[in-house]
Amino acid sequence: MQPKNPIIGLCQQATFLISAAKVDQCPEDFGHEVAFAGRSNAGKSSALNTLTHASLARTSKTPGRTQLLNFFKLDEERRLVDLPGYGYAKVPIPLKLHWQKHLEAYLGSRECLRGLMLMMDIRKPLTEFDILMLDWTAASEMPMHILLTKADKLAFGAAKTVLLEVRKEIQARWGDRVSIQLFSAPKRIGIEDAQAVLAEWMQLGEFAVPDDEETEA
């Protein structure tokens, strides 16, 4: 019998910690942190809520509502971070520039960041924003795990085809540090696989990566 993933219990007790408009407003930089990123309409908040079995992130029919870095506490050393959604046309240009500036500052300076979960709408993968994020993870050697969200919007065969095509392009351009899977919040597709990645990054028991393996590509 496969043991229960310890990330599940931690996520069920997750609580809101703080919202930060700037990097200097973030919690103390220690422990383990995993950030969730994606375009405003990629289903980022729904994915975060589904993975944690909680209503941590605010969902809205109006994309672009997440305008701050929102931190959620799992325990004294572990946090999840809901990053601002990007790419929504109706967001004013000055606000977009503000988001970009502080997202780059967070990603570039946060020592406790262990990995990045990137949400891509399976019907519109590898957007300009997605490619920018992939380029950043490659340059910084930061692990990334991609959730091809809204997989239920396609037939299984079609979804699998998109997964294989996107995986092939990612491996060719960005290497093996980036992993990818199908995901659907309403149909609960891919939840256990994504939770296993979270537990590994959070260094939880048998899911933890040995120290001598953390730096391998």
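Everything that follows concerns the structure shown earlier in this document.
Because the structure is predicted, anything quoted here is derived from the model rather than measured. (Residues numbered from 1 in each chain as written. Predicted model: local features only at pLDDT ≥ 70, side-chain atom pairs only at ≥ 80, totals over all residues. Heavy atoms only, no water.)

Caption draft 1: Quick peek at helix H5 (residues 156-174). Taking 1.5 Å of rise per residue, the 19 residues of H5 would be expected to cover 27 Å, and the 26 Å separating its terminal C-alpha atoms lies within 8% of that figure. Residues of H5 that are buried include every one of Ala159, Val162, Leu163, Val166, Ile170 and Trp174, and no others. Along the axis of H5, the buried residues cluster in a sector spanning 105°; they form a single face. Relative to its buried face, H5 has exposed residues pointing more than 90 degrees away, namely Glu165, Lys168 and Ala172. In this structure, the buried side of H5 is in contact with helix H4 (128-140), strand E6 (144-149) and strand E7 (178-182). Looking at the residues trailing H5, positive phi occurs at Gly175, about 85°. (Helix = DSSP H or I, 4+ residues; strand = E, 2+ residues; numbered from the N terminus. Expected span 1.5 Å × (residues − 1). Buried < 20%, exposed > 50% of the residue type's maximum accessible area, 1.4 Å probe, protein only. Arc of directions from axis to C-beta. Contact = heavy atoms within 4.5 Å.)

Caption draft 2: Summary view of the state of the cysteines. Throughout the structure, instances matching the rule amount to 0 disulfides. Residue Cys26 stays outside any disulfide, its sulfur separated by 8.6 Å from that of Cys112, the closest cysteine. A residue is classified by how much of its surface remains accessible, and Cys26, at 12% relative accessible area, is buried. The class for Cys112 is buried, based on a relative accessible area of 1%. (Disulfide = S-S within 2.5 Å.)

Caption draft 3: A look at unusual backbone geometry. In this model, Lys150 sits at a positive phi of 60°, which is unusual for a non-glycine residue. In this structure, Gln203 is a non-glycine residue whose phi angle is positive, near 60°.

Caption draft 4: Quick look at the packing of aromatic side chains. Scanning all chains against the criterion turns up 2 aromatic pairs. Note on Phe16 and Phe72: the rings are 5.9 Å apart at their centroids and 70° apart in plane angle, and the pair reads as edge-to-face. Here the residue Phe16 occupies a position in strand E1 (residues 15-20), and Phe72 occupies one in strand E3 (residues 69-73), the gap between them amounting to 56 residues. Of the residues examined, Phe72 reaches a relative accessible area of 3% and is grouped as buried. Summarising the aromatic geometry, the rings of Phe71 and Tyr106 are spaced 6.3 Å apart at their centres and angled 75° between planes, so their arrangement reads as edge-to-face. Of the two residues, Phe71 sits in strand E3 while Tyr106 sits in helix H3 (residues 93-109), which places them 35 residues apart along the sequence. (Phe/Tyr/Trp six-rings, centres within 6.5 Å; stacked < 30°, edge-to-face > 60°.)

Caption draft 5: Spatial organisation of the nonpolar core. By size, the foremost hydrophobic cluster in this structure holds 35 residues, and its most contacted members are Leu83, Tyr106, Met133 and Ile146. Ranked by the residues each element gives to this core, the list is headed by H5, at 6 residues. Contact partners of Ile146, with chain neighbours within four places excluded, come to Leu118, Met120, Leu134, Ile170, Val178, Ser179, Ile180 and Gln181. Counting residues in hydrophobic clusters, the runner-up holds 28 residues, among them Met119, Phe183, Ile191 and Val197. (Core = buried A, V, L, I, M, F, W, Y, C linked by side-chain atoms within 4.5 Å.)

Caption draft 6: Quick look at the environment of Leu107. Inspection of the secondary structure assignment puts Leu107 in helix H3. What makes Leu107 buried here is its relative accessible area of 7%. Measuring from C-alpha to C-alpha, the distance between Leu107 and Ser140 comes to 9.2 Å, with 33 residues separating the pair along the chain. Residues contacting Leu107, with those up to four places away along its chain left out, are Leu83, Leu113, Leu116, Met133 and Trp136.

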